[in-house]
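Per-entry structural report
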Amino acid sequence: MLQELSHMDRITQLQDEIQRVSLNPIYISQTNNGQLLTIMSSTIAYLTARSTFLQVSEEIPITKTRNPDKYDPPELFEDNTKELVRDLIVKAKQIEYLIQSLPVPEPEEQQANRLQVLEQEMQDANEEYIQAVDRAKNLHRQISEYLRTMLDNADGPSSLNVAI
């Protein structure tokens, strides 16, 4: 049971590593709160928001330009891009480590046997519960009868003939 809880903890940790959203998703490396999806989306947001339009082919002209204050200089843009890629790689390696630390799934036959054992244990516990409830009902009935007898024989203690 404890081992299963440990595995569930790892699965929860893995889910958190993949899904959690940080408070400041645009600058992940500054807050160090970002998880994989946040880092990915922040990287894409940064690359689209802070880059300038570059001509990649002589056949396709640039038809739009951005204000210089809307994009980062090439050196800063390159440094930030490298940092975002580094963050993404670190987080991917952390997730890979968590995945590798998960247990190997047990074979179906073993799972089926374990489920049969658990089902038998559940049936045994249910039978014990039913017996306990029946015993409690029986005791309640006996006590009710004794009390009724005592109340009916309110003439005095000498008229009580109850065996407990």
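For the structure given in this document, a descriptive report is provided here. Keep in mind it's a predicted model, so treat the numbers as computed, not measured.

Let's talk about the overall build of the protein chain
A tally of helices and strands in the protein chain yields 5 helices and 0 strands. For the protein chain, the succession of helices and strands along the chain, N to C, is α-α-α-α-α. Here the protein chain holds 164 residues, and 14% of them are scored as buried. If you sum the accessible surface of the protein chain, you get close to 13,600 Å²; carbon and sulfur atoms cover 56% of it.

Things to note about a nonpolar patch on the surface
A surface patch of nonpolar side chains, amounting to about 290 Å² of accessible area, comprises Ile143, Leu147 and Met150. Relative to the assigned elements, Met150 resides in helix H5 (residues 108-152). Residue classification places Met150 among the partly exposed residues on the basis of a relative accessible area of 44%.

A look at the pattern of salt bridges
Charged atoms that come close allow side chains of opposite charge to pair. Across all of its chains, the model carries 3 salt bridges by this definition. The partner of Arg114 in a salt bridge is Glu106, with the nearest N and O atoms 2.9 Å apart.

A short note on a negative patch on the surface
Together, Glu121, Asp124, Glu127 and Glu128 line one region of the surface with negative charge. One can find Asp124 in helix H5.

A closer look at the side chain of Thr81
Counting through the fold element by element, Thr81 comes out in helix H4 (residues 74-101). Looking at Thr81, its side chain comes within polar contact range of the main-chain oxygen of Phe77, at 2.7 Å. Among all residues touching Thr81, those that are not within four sequence positions of it are Tyr46 and Leu47.

Some words on H4
Taking 1.5 Å per residue as the helical rise, H4 with its 28 residues ought to reach 40 Å, and the 41 Å between its terminal C-alpha atoms agrees with that figure. Residues of H4 that are buried: Phe77, Thr81, Leu84, Asp87, Lys91, Ile95 and Leu98.

What counts and what doesn't
- Residues numbered from 1 in each chain as written.
- Predicted model: local features only at pLDDT ≥ 70, side-chain atom pairs only at ≥ 80, totals over all residues.
- Heavy atoms only, no water.
- Helix = DSSP H or I, 4+ residues; strand = E, 2+ residues; numbered from the N terminus.
- Buried < 20%, exposed > 50% of the residue type's maximum accessible area, 1.4 Å probe, protein only.
- Areas by Shrake-Rupley, 256 points an atom, 1.4 Å probe, with all protein chains shown as cover.
- Patch = residues over 30% accessible without salt bridge, like charges linked within 9 Å, V, L, I, M, F, W, Y side chains within 5 Å.
- Salt bridge = Lys/Arg side-chain N within 4 Å of Asp/Glu carboxyl O.
- Lys, Arg positive; Asp, Glu negative; His and termini not counted.
- Charge placed at Lys NZ, Arg CZ, Asp CG, Glu CD.
- Polar contact = N/O pair within 3.5 Å; in protein donor to acceptor, adjacent residues only side chain to side chain.
- Contact = heavy atoms within 4.5 Å.
- Expected span 1.5 Å × (residues − 1).

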